[in-house]
Amino acid sequence: MARKKRLTKAQIAKRENIKWTIMFIMTVTTISLYLAAFIEIDKTQTTIDFNRKTLDQLNENLTLKINSVEKMKRADVISKKAKKIGLVASKPETLIVKISND
């Protein structure tokens, strides 16, 4: 059987240095990936919040516009607006219809 070759102190130190370097690089890479993912999640959440606020504001504006349109459809409002611009209200006419039994 072949004997295992004994490592010198320099070789052992070199291997330890390589192990620690690899561990350091992996740790830095892991932290960098975590921070990059965290930043992207934060940007996405900010965009979602902004879009929700915009949607709420647009819904509120739409409700106000619908209410103002409904107010404009009322007969008393229409007659007031007509008087302001000088339109004359029509006078109702009475119609008489005779029905004969001939």
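What counts and what doesn't
- Residues numbered from 1 in each chain as written.
- Predicted model: local features only at pLDDT ≥ 70, side-chain atom pairs only at ≥ 80, totals over all residues.
- Heavy atoms only, no water.
- Helix = DSSP H or I, 4+ residues; strand = E, 2+ residues; numbered from the N terminus.
- Buried < 20%, exposed > 50% of the residue type's maximum accessible area, 1.4 Å probe, protein only.
- Areas by Shrake-Rupley, 256 points an atom, 1.4 Å probe, with all protein chains shown as cover.
- Lys, Arg positive; Asp, Glu negative; His and termini not counted.
- Charge placed at Lys NZ, Arg CZ, Asp CG, Glu CD.
- Patch = residues over 30% accessible without salt bridge, like charges linked within 9 Å, V, L, I, M, F, W, Y side chains within 5 Å.
- Salt bridge = Lys/Arg side-chain N within 4 Å of Asp/Glu carboxyl O.
- Phe/Tyr/Trp six-rings, centres within 6.5 Å; stacked < 30°, edge-to-face > 60°.

**Points about the overall build of the chain**
- Scanning the chain for helices and strands turns up 2 helices and 0 strands.
- Viewed in the frame of its principal axes, the chain has a C-alpha envelope of about 140 × 45 × 10 Å.
- Out of the 102 residues belonging to the chain, those deemed buried represent 1%.
- Per element, the accessible surface of the chain, about 10,900 Å² overall, is 63% carbon and sulfur.
- Separation of charge centres in the chain, based on 21 positive and 10 negative side chains, amounts to 19 Å.

**Overview of a positive patch on the surface**
- A contiguous patch of positive charge on the surface is contributed by Lys80, Lys81, Lys83 and Lys84.
- Along the chain, the position of Lys84 falls in helix α2 (residues 75–85).

**A word on the packing of aromatic side chains**
- Tallied over the entire structure, the rule returns 1 aromatic pair.
- Plain terms: the ring middles of Tyr34 and Phe38 are 6.4 Å apart, the flat faces sit at 25 degrees to each other, and that makes the pair stacked. With Tyr34 and Phe38 both in helix α1 (residues 9–72) and 4 residues apart, the pair spans about one turn of that helix.

**A few points about the pattern of salt bridges**
- This model, assessed by the stated rule, comprises 3 salt bridges.
- Between Lys19 and Glu16 there is a salt bridge whose closest N-O contact spans 3.8 Å. A residue pair is termed a helical-turn pair when its members lie 3 or 4 positions apart in one helix, as Lys19 and Glu16 do in helix α1 at 3 residues.
- Note on Lys19: relative accessible area 52%, which makes it exposed.
- For Glu16, a relative accessible area of 36% translates into the label partly exposed.
- Lys43 is paired through a salt bridge with Glu40; the nearest N and O atoms lie 4.0 Å apart. Of this pair, Lys43 and Glu40 both sit in helix α1, separated by 3 residues, roughly a single helical turn.
- Owing to a relative accessible area of 46%, Glu40 belongs among the partly exposed residues under this scheme.

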